[in-house]
Amino acid sequence: MENKIIYLKDDLTDNLKFKSPIAVDTEMTGLSLLRDRLCVVQLTDGTGNIYVVHIKPPYDCPNLKKLLSNSNIEKIFHFARADLAMIKKCLGINATPVFCTKIASKLSRTSTDRHSLKALVKEFFNVDLNKEEQTSDWAVETLSDKQIEYAAGDVLYLHQIKEILTEKLKREGRLELAQKCFEFLPYRYEMDLQGWGDEDIFQH
């Protein structure tokens, strides 16, 4: 199946239908929850179209917010903690329920410390993701073709990665543990938003 990349400004178009789960990623001006902001949300339900939605304050994007906050649609993220926190900060919604491929990788692939999206795509599909645009200026008025292609690439493999990692979690008897971690994410990113960062409150 050939994938089509659709670039949109400000919001998803009306009356789009998505199957669950959807793969989601974001691009931001930076990684600080204090000073930085959300610029792009890219998503796909794996049936062919990848939507790259370019947004800016005051974030008048009701269709996007409705989709991401739909509790009947699972969202697949890689390192969901960061994306979810920025979505909550800028869009004011909880984009749950969630499957995080980074958490799933860390729980099921304990023989390695290589858990980046790039590493997973290389191992599972022998594809080298081009990450050159990762630190480009996502707050520009119009995204370049390279930026759009990069953004789309970050959600292209997430459905397949979820399937592979789910089987590994089942094999290791850790699927329920992973699900509990996913359910805890709203509390974890709320702590991030309140300034707790990486402080381990469970430590002695």
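Rules behind the numbers
Residues numbered from 1 in each chain as written. Predicted model: local features only at pLDDT ≥ 70, side-chain atom pairs only at ≥ 80, totals over all residues. Heavy atoms only, no water. Helix = DSSP H or I, 4+ residues; strand = E, 2+ residues; numbered from the N terminus. Rg over C-alpha atoms; globule rule 2.2 N^0.38 Å. Buried < 20%, exposed > 50% of the residue type's maximum accessible area, 1.4 Å probe, protein only. Contact = heavy atoms within 4.5 Å. Areas by Shrake-Rupley, 256 points an atom, 1.4 Å probe, with all protein chains shown as cover. Lys, Arg positive; Asp, Glu negative; His and termini not counted. Charge placed at Lys NZ, Arg CZ, Asp CG, Glu CD. Expected span 1.5 Å × (residues − 1). Core = buried A, V, L, I, M, F, W, Y, C linked by side-chain atoms within 4.5 Å. 1 Å grid on protein atoms, 1.4 Å probe; cavity = no way out; pocket = protein on both sides within 12 Å on 5 of 7 lines; lining within 4 Å. Points joined across faces, edges and corners; volume = space filled by probe spheres on them. Nonpolar A, V, L, I, M, F, W, Y, C, P; charged D, E, K, R; others polar. Pairing = 2+ DSSP bridges. Axes fitted to C-alpha atoms, helices over the stretch in contact; angles between N-to-C directions. Polar contact = N/O pair within 3.5 Å; in protein donor to acceptor, adjacent residues only side chain to side chain.

Student: How would you sum up the overall build of the chain? Please name residues and give values.
Tutor: Looking only at helices and strands, one finds seven helices and six strands in the chain. The order of helices and strands in the chain, counted from the N terminus, is β-β-β-β-α-β-α-β-α-α-α-α-α. Computed over its C-alpha atoms, the radius of gyration of the chain comes to 16 Å, within 12% of the 17 Å expected for a compact globule of 204 residues. Viewed in the frame of its principal axes, the chain has a C-alpha envelope of about 45 × 40 × 35 Å. Within the chain, the proportion of its 204 residues that are buried is 46%. Considering only intrachain contacts with a sequence separation of at least 6, the fraction spanning at least 24 residues in the chain is 67%. Carbon and sulfur atoms form 49% of the exposed surface of the chain, whose accessible area is close to 11,200 Å². Of the side chains in the chain, 28 bear a positive and 31 a negative charge, and the two mean positions are spaced by 3 Å.

Student: Just give me the short version of helix α5 (residues 145-156), but keep the residues and values in it.
Tutor: Look at α5: 16 Å from first C-alpha to last across twelve residues, which is about the 16 Å you get at 1.5 Å a residue. Of the positions making up α5, those classed as buried are Gln-147, Ile-148, Tyr-150, Ala-151, Ala-152, Gly-153, Asp-154 and Val-155. Structurally, α5 contributes buried residues whose contacts are with β1 (4-9), β2 (22-28), β3 (38-44), β4 (49-54), α4 (117-125) and α6 (158-171).

Student: Would you mind going over the nonpolar core in detail, with residue names and values included?
Tutor: Leu-38, Leu-64, Leu-68, Leu-91 and Ile-161 are the most contacted members of the largest nonpolar core, which has 60 residues in total. Here the element with the most residues in this core is helix α2 (residues 80-91); it accounts for seven residues.

Student: With reference to specific residues and values, describe the layout of surface pockets.
Tutor: Reported here for the largest pocket is a volume of approximately 840 Å³. Lining the largest pocket are 32 residues, and of these Met-28, Leu-31, Phe-79, Ala-82 and Gln-134 lie nearest its centre. Those elements that provide at least two residues to the lining of the largest pocket are β2, α2, α4 and α5. Partitioned by chemical class, the residues of the lining of the largest pocket number twelve nonpolar, nine polar and eleven charged.

Student: Describe the sheet that holds β2, listing the residues and the values that go with them.
Tutor: Taking strand neighbours across the sheet as the criterion, the six strands line up as β1-β4-β3-β2-β5-β6 in an open arrangement whose pairing is mixed. A strand with exactly one partner marks an edge of an open sheet, and here the two such strands are β1 and β6 (98-100). For this sheet the average axis-to-axis angle between neighbouring strands, irrespective of direction, equals 25°. Note: β1 against β4, six bridges, orientation parallel. When the bridges of β4 are listed, Leu-8 appears paired with Val-53. Lying over the sheet, α2 contacts β2, β3, β5 (75-77) and β6, oriented at roughly 70° with respect to β2.

Student: Quick one: what's the story with the side chain of Thr-101, residue by residue and with numbers?
Tutor: Turning to its location among the elements, Thr-101 is positioned in helix α3 (residues 101-108). Separated by 2.7 Å, the side chains of Thr-101 and His-78 make a polar contact. Setting aside residues no more than four positions away along its own chain, Thr-101 makes contact with Ile-76, Phe-77, His-78, Leu-120, Leu-158, Ile-161, Lys-162 and Leu-165.

Bear in mind that shape data such as this cannot, by itself, settle questions of function.
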